[in-house]
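# Summary of structural features
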Amino acid sequence: MLHILNHPLGAHLLARLRDRTTPPAAFRALSYQVSLLLAVEATRGLATRDQVVETPLETITARVLARPLVIVPILRAGLGMVQPFTDLFPDISVGHVGLERDHATALPRSYYQKLPPLAGAHVLVVDPMLATGGSAVQALDVLRAAGATELSLVCIVSSPEGVRAVEAAHPAVPIFTAALDRELNEKKYILPGLGDFGDRLYGT
Ligand code: PRP
Ligand code: URA
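So, here's what we can say about the structure. No experiment lies behind these values; they were computed from the predicted model shown.

Overall, the coordinates contain one aromatic pair when judged by the stated rule. Between the aromatic rings of Phe-27 and Phe-197, the centroid separation amounts to 4.8 Å while the plane-to-plane angle is 65°, which identifies the pairing as edge-to-face. You can see Phe-27 sitting in helix α2 (residues 24-42) and its partner Phe-197 sitting in helix α6 (residues 197-202), a full 170 residues away along the chain. Comparing Phe-27 with Phe-197, the two get one shared label, buried. Its guanidinium or amino end placed over the ring of Tyr-189, Arg-101 lies 5.3 Å from that ring's centre, counting from NZ or CZ.

Contacts to ligand 1 come from 15 residues, most closely from Arg-101, Asp-127, Thr-132, Gly-133 and Ser-135. At 2.6 Å, a backbone N or O of Arg-101 approaches an oxygen atom of ligand 1. Between Gly-133 and ligand 1, the recorded distance is 2.8 Å, taken from a backbone N or O atom to an oxygen atom. Contact with the protein chains covers 92% of the free accessible surface of ligand 1, which is 500 Å².

Looking now at the site of ligand 2. Around ligand 2 sit Arg-101, Met-129, Ala-131, Lys-188, Tyr-189, Ile-190, Gly-195, Asp-196 and Phe-197, and those are all the residues in its vicinity. Residue Ile-190 places a main-chain N or O atom 2.8 Å away from an oxygen atom belonging to ligand 2. In this structure, Gly-195 approaches ligand 2 through a main-chain N or O atom, which is 2.8 Å from a nitrogen atom. When the free accessible area of ligand 2 is taken as 240 Å², the share hidden by the protein chains comes to 89%. Looking at side-chain class alone, the shell around ligand 2 contains five nonpolar, one polar and three charged residues.

A word on helix α5 (residues 160-169). For α5, the set of buried residues is Gly-162, Val-163 and Val-166. When α5 is viewed along its axis, its buried side chains cluster within an angular range of 100° and face the same direction. Turned more than 90 degrees away from the buried face of α5 sit Arg-164 and Ala-168, all of them exposed. Each element contacted by the buried residues of α5 is listed here: β1 (2-4), β9 (129-130), α4 (134-145), β10 (150-158) and β11 (175-180).

Our focus in this paragraph is the side chain of Ser-135. Position of Ser-135 among the secondary structure elements: in helix α4. Beyond its immediate stretch of four places on either side in the chain, Ser-135 contacts Ile-74, Leu-99, Arg-101, Pro-108 and Asp-127.

Secondary-structure assignment places Ser-159 in the loop between β10 and α5. For Ser-159, a relative accessible area of 0% puts it in the buried group. At 2.6 Å, the side chain of Ser-159 forms a polar contact with the backbone oxygen of Ala-131. One polar contact links the side chain of Ser-159 to the main-chain amide nitrogen of Gly-162, over a distance of 2.9 Å. Excluding its chain neighbours within four sequence positions, the residues that come into contact with Ser-159 are Leu-130, Ala-131, Leu-180, Asp-181, Leu-184 and Ile-190.

Moving on, we get to the nonpolar core. Leu-17, Phe-85, Val-154, Ile-156 and Phe-197 are the most contacted members of the largest nonpolar core, which has 35 residues in total. The set of elements that each furnish at least two residues to this core consists of α1 (8-18), α2, β4 (69-75), α3 (82-88), β8 (122-126), β10, β11 and α6. Apart from residues no more than four positions distant in its own chain, Phe-197 is found in contact with Phe-27, Ser-31, Ala-77, Pro-128, Met-129 and Ile-156. Residues Leu-99, Leu-130, Ala-139 and Cys-155 belong to the second largest nonpolar core, which totals 23 residues.

Turning our eyes to something else, we now look at the environment of Phe-27. The buried category is assigned to Phe-27, whose relative accessible area is 0%. With 174 residues separating them along the chain, Phe-27 and Leu-201 place their C-alpha atoms 6.1 Å apart. Apart from residues no more than four positions distant in its own chain, Phe-27 is found in contact with Leu-17, Thr-22, Leu-194, Phe-197, Arg-200 and Leu-201.

About the cut-offs
- Residues numbered from 1 in each chain as written.
- Chains lettered and ligands numbered in written order.
- Predicted model: local features only at pLDDT ≥ 70, side-chain atom pairs only at ≥ 80, totals over all residues.
- Heavy atoms only, no water.
- Phe/Tyr/Trp six-rings, centres within 6.5 Å; stacked < 30°, edge-to-face > 60°.
- Helix = DSSP H or I, 4+ residues; strand = E, 2+ residues; numbered from the N terminus.
- Buried < 20%, exposed > 50% of the residue type's maximum accessible area, 1.4 Å probe, protein only.
- Lys NZ or Arg CZ within 6 Å of the ring centre and 35° of its normal.
- Near = heavy atom within 4 Å.
- Polar contact = N/O pair within 3.5 Å; in protein donor to acceptor, adjacent residues only side chain to side chain.
- Areas by Shrake-Rupley, 256 points an atom, 1.4 Å probe, with all protein chains shown as cover.
- Nonpolar A, V, L, I, M, F, W, Y, C, P; charged D, E, K, R; others polar.
- Arc of directions from axis to C-beta.
- Contact = heavy atoms within 4.5 Å.
- Core = buried A, V, L, I, M, F, W, Y, C linked by side-chain atoms within 4.5 Å.

Below, the structure is given as structure tokens:
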């Protein structure tokens, strides 16, 4: 259930995101652009239903999205991935899950949660970095407990450890990522990675 973005533009944008000299303003624009490509990939399998449409010339049966969509960014870095989804899907609802990794243990601590109704919706969880997988697994646990039945996870850079953790805890959840990197370092940062996404996005 791992889908790796295979697009020359995706590779180009990612190279610039990884570059340590890319400043926050450019980093935010690149995050938008690569997330836009991921948004298209991650919604390729959405269910559709028939709807009768009258064109100026004929009546046809067209296809429209069958279910409500919800996007849930994991705060704070996930916020950098939201706008392409709201631009493409203006009717999407946005929930928020606030999780922060403890610097010493790398374990996520929950500090905020606000969710729209999830029953019957397709829920897209977005977080640019899938490192140990602890944050993603905790967010998916929260969303399942809140009634989500159809979930996808969308990340920009993933580690093999993070993918394994999500697959073990939530085997039915597809993961869409722009890159699968090599490994984690001793501080649980992704190598080669791009550093701390939230810090680079917000200049902290
Ligand atoms: C980062 C990132 C993920 C998490 C990934 O957030 O955005 O949420 O780490 O690590 P994991 O897979 O090992 O859980 P961080 O906790 O640094 O918070 P921030 O988004 O506020 O910067
Ligand atoms: N969070 C980040 O922002 N970067 C990493 O490499 C790991 C977790």
